[in-house]
Amino acid sequence: MLDLTTIPVVDNHCHPVLVRQHMDVAEFRRYFTEAPDVSIVDQHVPHTIYYLWMIRQLAAFYGCERTEEAVLAARNSMDADSLLSRLLSAAHIDTLVLDVAFPLPNVCYAPAQIQRLGGCRTATMLRLETLMQRLVVAHDNFDDVLTCFTDEVSNIREKGYCSLKSIVAYRTGLRIAEWSKDEAARSFTQARADALTQVTFRIAHKPLIDYLLHIAFTQAAQQHVAIQFHTGYGDNDTDMRLGNPLQLRDVLERRDYQTMPIVLLHESYPYTQLGAYLAAVYPHVYFDLSYTIPFVEKLEMLAFTRQALSVAPASKLLYSSDGINVPEMHWAGAIRGRSVLAQVLQEMIAVDELDEPEAFTLAQKILHDNAYAVYKL
Ligand SMILES: [Zn+2]
């Protein structure tokens, strides 16, 4: 069996973990579903295959009994620093590329702390919709928003970001259109009115978001900076019909954006073959293979990994965990990612599609090298 454990992973999309790691079973379970409904958490998460696997693996890792209570007791007996340090070190991580916009920074470990405790590098990305939302709250004039937004997406690397990130799939969908400045200004007026009257303002104003995204694309293309798009699978805040990566066609076709590498996140699940196809035909499109979220079990991970590797060049695929909240997720992603990729490559060796040295070279690209190139780490 191909052994990929020696390859340190670049986790090209994940989130920080919470500072407060002491928790009960109910809270721990809550982090293993995208469903907000408490009845799913209480009654159904313990009966998902991926969660049963996680508990079994963690029992082995912590050396405790194979029950949720024993696993929680074991992790609660450690302070959060030790927990983080132990899991991230065991995962053999080179770099974590963090979306620090969620969870909110005030409840999370900072990238520098994660780097120190995990014995790995960290890099961060700039989430555009969070920035837009902040600017709409801060300014009552559209031209001021445009000036500030343009400034924030200028000199992206100098500001400390290795990539942009867009969750427009969670807001108004991936079919990003071109609007006139007047249309965008009217949309801003509506957004601003909502920001002033709603307790929790959520930007979902399509002409405004699309207009600002095009400003960001122009800037990123000039600076040769990558952008990650959330695609496919997410919580029920996302309309999955609008999360199909094929919706990005107009953006992908723009010649002047070809110098902006586009990373389609979460294997566009369940649109995996479509997303991988885009990575195969557009020189600037890359495809993320994420192994903790979407919450699926190993047979499905094998399936999406086969689909991606069958359709897209391995030089277009990037490993991630999408780990968030608890460090077990970043750990599990690395364990799963290496083992699933090894199994799929081994199958390809068995049917004489590849030889072993080729398989190892491709794995090295997916787990490590491609992210270095795309984000210029
Ligand atoms: Zn994410």
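Scroll up for the structure.
What counts, and at which threshold
- Residues numbered from 1 in each chain as written.
- Predicted model: local features only at pLDDT ≥ 70, side-chain atom pairs only at ≥ 80, totals over all residues.
- Heavy atoms only, no water.
- Helix = DSSP H or I, 4+ residues; strand = E, 2+ residues; numbered from the N terminus.
- Rg over C-alpha atoms; globule rule 2.2 N^0.38 Å.
- Buried < 20%, exposed > 50% of the residue type's maximum accessible area, 1.4 Å probe, protein only.
- Contact = heavy atoms within 4.5 Å.
- Polar contact = N/O pair within 3.5 Å; in protein donor to acceptor, adjacent residues only side chain to side chain.
- Pairing = 2+ DSSP bridges.
- Axes fitted to C-alpha atoms, helices over the stretch in contact; angles between N-to-C directions.
- Right-handed = clockwise from strand over helix to strand, strands pointing away.
- Donors = N, O, S within 2.8 Å, 3.2 Å for Na, K, Ca; no water.
- Patch = residues over 30% accessible without salt bridge, like charges linked within 9 Å, V, L, I, M, F, W, Y side chains within 5 Å.
- Areas by Shrake-Rupley, 256 points an atom, 1.4 Å probe, with all protein chains shown as cover.
- Salt bridge = Lys/Arg side-chain N within 4 Å of Asp/Glu carboxyl O.
- Parallel < 35°, antiparallel > 145°, perpendicular 65-115°, else oblique.

Chemist: What am I meant to see in the overall build of the protein chain here?
Modeler: Looking only at helices and strands, the protein chain features 16 helices and 8 strands. A compact globule built from 377 residues should have a C-alpha radius of gyration of about 21 Å, and the protein chain, at 21 Å, falls within 12% of that. Across its three principal directions, the C-alpha atoms of the protein chain cover 60 × 50 × 35 Å. The proportion of buried residues among the 377 residues of the protein chain is 58%.

Chemist: Would you mind showing me how to read the environment of Gln-223 here?
Modeler: As for its placement among the helices and strands, Gln-223 is situated in helix α11 (residues 206-223). With 66 residues separating them along the chain, Gln-223 and Arg-157 place their C-alpha atoms 8.6 Å apart. Not counting residues within four places of it along the chain, the set of residues in contact with Gln-223 comprises Val-153, Ser-154, Asn-155, Ile-156 and Arg-157. In this structure the side chain of Gln-223 is engaged in a polar contact, spanning 2.8 Å, whose partner is the backbone oxygen of Val-153.

Chemist: Help me understand the sheet that holds strand β6 (residues 262-264) in this model?
Modeler: Two strands in a sheet stick together by hydrogen bonds in their backbones, pointing the same way (parallel) or opposite ways (antiparallel). Read from one edge to the other, the open sheet built from 8 strands follows the order β1-β2-β3-β4-β5-β6-β7-β8, with strand pairing classed as parallel. Because the sheet does not close on itself, it has two edges, and the strands there are β1 (9-14) and β8 (317-320). Each strand axis lies, on average, 30 degrees off the axis of its neighbour in the sheet, ignoring direction. Here 4 bridges tie strand β3 (residues 121-127) to strand β4 (residues 161-166), and the two strands are oriented parallel to one another.

Chemist: Hey, could you run me through the pairing of β3 in this one?
Modeler: Regular strands place side chains that alternate from one sheet face to the opposite one. Buried residues dominate β3, accounting for 6 of its 7 residues. The sheet contact formed by strand β2 (residues 93-99) and β3 spans 5 bridges and is parallel. The partner of Asp-99 across the bridge, within β3, is Met-125. Read from β2 through helix α6 (residues 111-118) to β3, the crossover connection turns out right-handed.

Chemist: Even after reading the chapter, I still don't get the coordination of the zinc ion, so can you show me in this structure?
Modeler: For a metal with four tetrahedral donors the ideal donor-metal-donor angle is 109.5 degrees, while six octahedral donors give ideal angles of 90 or 180 degrees. For the zinc ion, every protein donor is listed as His-13 (NE2), His-15 (NE2) and Asp-322 (OD), and the spread of their distances is 2.1 to 2.2 Å. All donor residues of the zinc ion come from one chain, and their arrangement in sequence is H-x1-H-x306-D. One end of the pair, His-15, is in the loop between β1 and α1 (25-30); the other, Asp-322, is in the loop between β8 and α15 (327-350), with 307 residues separating them in the sequence. According to the relative accessible area criterion, Asp-322 is buried, its value standing at 7%.

Chemist: Explain a nonpolar patch on the surface to me, please; I cannot follow it from the model alone.
Modeler: Together, Leu-246, Leu-274, Tyr-277, Val-281 and Val-311 give the surface a local cluster of nonpolar side chains, amounting to about 390 Å² of exposed area. The biggest single contributor to the nonpolar patch is helix α13 (residues 272-281), with 3 residues. Inspection of the secondary structure puts Val-281 in helix α13.

Chemist: Which parts of the structure should I look at to understand the packing of helix α5 (residues 80-91) against α15?
Modeler: Geometrically, a packed helix pair is captured by the angle between its two axes and the distance between the axes. Viewed as axis vectors pointing N to C, α5 and α15 meet at an angle of 10 degrees, and their least axial separation amounts to 9 Å. Between α5 and α15, the interaxial angle falls into the category roughly parallel. On α15, the residues that touch Leu-83, Leu-84, Leu-87, Leu-88, Ala-90 and Ala-91 of α5 are Pro-327, Glu-328, His-330, Trp-331, Ala-334 and Arg-338.

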